[in-house]
Amino acid sequence: MKIAIRGGRLIDPVSALDTRCDLYIAAGKVVGVGTAPAEWHANREIDATGLVVAPGLVDLAARLTRATLATELAAAAAGGITQIVCSPDASPVLDDPGQVDMLRLRAQSLHGAQVHPLGALSVGLRGERLAELAKLHAAGCIGFSQGLATGFSPRFLWQAMQYAATYGYPVWLRPEDASLAAGGVAHDGEVAARLGLAGIPACAETVAVAAQAEIARATGARLHLCRLSTAEGVEAVRRAKAEGLPVTADVSALHLHLTDIDIGHYDAHCRLAPPLRSERDRDALRRGLIDGTIDAVVSDHRPLPADARQLPFAEAAVGASGFETLLSLILRLAESERVPLADALGWAGYRAANAAALPAPSLAVGAPADVVVFDPRAYRVVRSSSFTSAGGNSPMLGYELPGLIRYTINRGHLAYDAGTH
Amino acid sequence: MLSKRNLQLDDRGELHHLLAIEGLPKRIIERILDTAESFVGVNEREVKVVPLLRGKSIFNLFFENSTRTRTTFEIAAKRLSADVVSLDVARSSTSKGETILDTVANLTAMHADMFVVRHSESGAPWLIAQHAAPHVHVINAGDGRHEHPTQGLLDVFTIRRHKPDFTRLTVAIVGDILHSRVARSQIHALTTLGVPEIRLVGPRTLVPPELARLGARIYTSLDEALVGVDVITMLRLQNERMNGALIPSASEYFACYGLTPKRLALAKPDAIVLHPGPMNRGVEIDSAVADGRQSVILQQVTYGIAIRMAVMAMLAGAAR
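Remember, predicted model here, so these are calculated numbers, not experimental data.

Some points on the overall build of chain B
Here comes step 1: Looking only at helices and strands, one finds 11 helices and nine strands in chain B.
Here comes step 2: By principal-axis analysis of the C-alpha atoms, chain B measures approximately 55 × 45 × 35 Å.
Here comes step 3: Put simply, 74% of the contacts in chain B that link residues at least 6 apart link residues at least 24 apart.
Here comes step 4: Accessible surface for chain B amounts to roughly 12600 Å². Of this, 51% is attributable to carbon and sulfur atoms.
Here comes step 5: Between the averaged position of the 37 positive side-chain charges in chain B and that of its 33 negative side-chain charges there is a distance of 2 Å.

The following block contains the structure:
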């Protein structure tokens, strides 16, 4: 399919492009910027006047399962996401190369976003026996993780990271000390004290960041810290990076906007892992993102059935459906922090890709045609009924957010067209 | 955004559910106390029944077991002539996999007018109130470690009967504040009624510093905290607190935080002693204090019936 996107504002930080011009796509690649290739004719003309044309978003955190893959990849397209790193705590757990093959083949057949799985670091994510990392890597895993599971010993991690370092595989970990977080459901602060919710102290994160960074230092393994949530955690990552440790980090888009106060009267949509923390923490996460301590903003997409929320706060399942609010939350943050759009798009763009050692998305001629076209000035009220995702669970429901995605193109294939939705 | 709204009051600002003391206006707390005052008389009569709630159906939904609180709610409902059904949901429907909201929907279909809910998770009555039919009222009879509003109300009712001017009181609450729904409700009731000084007393494991934000001062020494106080509330220490590293033993706890006659003498001579029950004699309170002249612990039990009658009558619109 040949697509011409005309009159839009092309923003591509990788090729230092921010200009109003046409983009030409053919055979899954960008074939022209500004000028059409010889003997050009398009199957599809897209009028992007007043719209932004940018590389598709790179989302480093989503939970995908084979059963719901088609729906959730459609949701990713509706969210402008063209590359997804998915966590191994799917069902079944990605601790078996066959499962990884099947997931990737199914994703390819759906013409959805490129799916880059993280393999399980341990069999069944139990933190006891090492999974077959080399075989999983051969099947397409780009790194290894324990998903949400944090119950493993420092000794297991030390050995697992030595093994991973042998082959240069990165290890992605959620920095939360399991015993300090045990039983907790909310940030250990005033809100939890008032609502009578069991707290997860900030030191659950700092203790884990320190331990994981030290083990990375000792083993030489590359470490990606998933979902920072505390001011002290950001500071610990800043120090580790300053010391030259091979550490990267991400933050969930929700944690850049919400705090524990948003739990209100037990809003189970705010039951997240890590927990929403204080305003001071949120501000530190923003500063850490802007100064580059935190590499990427992620959706942490975890769609849940509606009844998973019809429970008391502590019993509700953890997570939010995040694909379809990721871009809006990035735009909202860029607006309130006065960050240029090109830089902000990098948070779920080239910066995220670099952290995951994936090729940086670009609009340069010859690059894969992964493109999002959106209206940065249009606002919409977030409603679960307008989600493509099967999970309507989002703490952003009812909020008015900037950014309307009009088109998403995956490898030259028009995966989302707001006009037909 | 139901969960962002205070569901307790209706559009006219009247009480629709009783879920927490936090957020209740002073005028409503005072009206509940005044209404309870009129029911104290009923409870002292030969015939202890009034027909205010005749024909109303009240369901006690105890997802967590509690004989004492459930019994006082049953007595209160019966004295108002309501039909009352107590369901031991902890053992019946939920163990068959039925969700809380399914249970509530089924009972609403049986024309329930009011649910009295106890649950081991903080916020559960809030969830039920969010999904309740508009004519149904929900009373929180204790949710996790969050609130136990009728207990808080009966505490301030008992205090008011002895010390009518809240704006001159110093109150000490002693023990496991962190895990106590009783303490949270009492603190909110006292601050709303204008008590200028509330002292929370205990080791940092049971009284973390964030609790000061509820409008209280934190003390780690009971002897210092008791000096000059008018009211002392002793909280029950659950045995399970001694399983981890919160406190070492009952005897060390009693040595540091047990209320003895010697310590009670540090308070004002006319200070009163409250306890939500059931007491652990020799753990948080010495028998000589529990049974002494300054103890109002049994009055709390008696007034608990009047308070619950008042709340039910007000919710049903029978005491406006």
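Anyway, onward from the coordinates.
Description of the domain arrangement of chain B
All names here are of chain B.
Here comes step 1: You can read the domains of chain B as domain 1 (2-147 + 303-315) and domain 2 (149-300).
Here comes step 2: The straight-line distance from the C-alpha centre of domain 1 to that of domain 2 is 26 Å.
Here comes step 3: On the side of domain 2, 25 residues touch domain 1, which itself brings 34 residues to the contact.
Here comes step 4: Between domain 1 and domain 2 lies a buried interface of about 2600 Å² when both sides are counted; carbon and sulfur atoms form 63% of it.
Here comes step 5: Per-residue buried area on domain 1 facing domain 2 is highest for Ile 21, Arg 145 and Tyr 303; these three make up 30% of the total on that side.
Here comes step 6: The tally of links from domain 1 across to domain 2 stands at four salt bridges.
Here comes step 7: A salt bridge links Glu 37 to Arg 160, with the nearest nitrogen and oxygen atoms 3.7 Å apart.
Here comes step 8: Between the two partners, domain 1 and domain 2, sit 12 residue pairs in polar contact (both at pLDDT 80 or more).

Some thoughts on helix H3 (residues 100-109) of chain B
Residues and elements named next belong to chain B.
Here comes step 1: Residues of H3 that are buried: Ile 100, Leu 101, Thr 103, Val 104, Leu 107 and Thr 108. Considered in projection along H3, the buried side chains sweep an arc of 155 degrees and stay on one side of the axis.
Here comes step 2: In this structure, the buried residues of H3 make contact with strand E1 (57-62), strand E2 (83-87), strand E3 (114-119) and helix H4 (124-131).
Here comes step 3: The first or second residue beyond H3 is His 111, which carries a positive phi of 65 degrees.

A short note on the interface of chain B and chain A
Here comes step 1: Of the residues lining the interface, 26 residues belong to chain B; the matching set on chain A comes to 23 residues.
Here comes step 2: When the two sides are added together, the surface that chain B and chain A hide from each other amounts to roughly 2000 Å², 57% of it contributed by carbon and sulfur.
Here comes step 3: At the boundary of chain B and chain A, one finds two salt bridges.
Here comes step 4: A salt bridge links B:Arg213 to A:Glu190, with the shortest nitrogen-to-oxygen separation between them at 2.9 Å.
Here comes step 5: Along the contact surface separating chain B from chain A lie six residue pairs in polar contact (both at pLDDT 80 or more).
Here comes step 6: At the level of secondary structure, the elements contributing two or more residues to the side of chain B that touches chain A comprise H3, H4 and helix H6 (181-192) of chain B.
Here comes step 7: Element by element, the count of residues in the side of chain B that touches chain A is highest for H4(B), at five residues.
Here comes step 8: Classifying every residue of the side of chain B that touches chain A gives eight nonpolar, nine polar and nine charged.

Remarks on the pattern of salt bridges
Here comes step 1: Under the counting rule described, the total for this entry stands at 39 salt bridges over all chains.
Here comes step 2: Close ionic contact of A:Arg217 with A:Glu243 constitutes a salt bridge, the shortest N to O distance being 2.6 Å. With A:Arg217 in helix H7 (residues 203-219) and A:Glu243 in the loop between helix H8 (231-242) and strand E16 (247-252), this pair connects stretches of sequence that are 26 residues apart.
Here comes step 3: Between B:Asp230 and B:Lys268 there is a salt bridge, with the nearest N and O atoms lying 2.9 Å from each other. Of the two residues, B:Asp230 is situated in the loop between helix H7 (222-226) and strand E8 (231-234) and B:Lys268 in the loop between helix H9 (261-264) and strand E9 (272-274); the sequence distance between them amounts to 38 residues.
Here comes step 4: For B:Asp230, a relative accessible area of 5% gives the class buried.
Here comes step 5: Taken together, the shared-partner salt bridges in this structure form one network comprising A:Asp89, A:Arg227, A:Asp250, A:Asp300 and A:Arg302.

Description of the environment of A:Ala213
All names here are of chain A.
Here comes step 1: In this structure, Ala 213 sits in helix H7.
Here comes step 2: A relative accessible area of 9% places Ala 213 in the buried class.
Here comes step 3: Here Ala 213 is in contact with Leu 223 and Leu 245, once residues within four sequence places are set aside.

Digging into the sheet that holds E9(B)
Residues and elements named next belong to chain B.
Here comes step 1: Reading across the sheet, the five strands line up as E7-E6-E5-E8-E9 and stay open at both edges, with parallel pairing between neighbours. Each edge of the open sheet carries a strand with a single partner, namely strand E7 (217-219) and E9. The mean inter-strand angle of the sheet, taken between neighbouring strand axes irrespective of direction, is 20 degrees.
Here comes step 2: As paired elements, strand E5 (residues 170-174) and E8 share four bridges and run parallel to each other. Of the residues in E8, the one forming a bridge with Val 171 is Val 231.

A few points about the confidence of the model for chain B
Here comes step 1: For chain B, mean pLDDT is 92; residues scoring 70 or higher make up 95% of the total.
Here comes step 2: Our summary of model confidence lists the complex with pTM equal to 0.93 and ipTM equal to 0.89.

Analysis parameters
- Residues numbered from 1 in each chain as written.
- Chains lettered and ligands numbered in written order.
- Predicted model: local features only at pLDDT ≥ 70, side-chain atom pairs only at ≥ 80, totals over all residues.
- Heavy atoms only, no water.
- Helix = DSSP H or I, 4+ residues; strand = E, 2+ residues; numbered from the N terminus.
- Contact = heavy atoms within 4.5 Å.
- Areas by Shrake-Rupley, 256 points an atom, 1.4 Å probe, with all protein chains shown as cover.
- Lys, Arg positive; Asp, Glu negative; His and termini not counted.
- Charge placed at Lys NZ, Arg CZ, Asp CG, Glu CD.
- Domains from an automatic or database assignment.
- Buried area = accessible area lost by both parts, 1.4 Å probe.
- Salt bridge = Lys/Arg side-chain N within 4 Å of Asp/Glu carboxyl O.
- Polar contact = N/O pair within 3.5 Å; in protein donor to acceptor, adjacent residues only side chain to side chain.
- Buried < 20%, exposed > 50% of the residue type's maximum accessible area, 1.4 Å probe, protein only.
- Arc of directions from axis to C-beta.
- Nonpolar A, V, L, I, M, F, W, Y, C, P; charged D, E, K, R; others polar.
- Pairing = 2+ DSSP bridges.
- Axes fitted to C-alpha atoms, helices over the stretch in contact; angles between N-to-C directions.
- pLDDT = per-residue confidence, 0-100.

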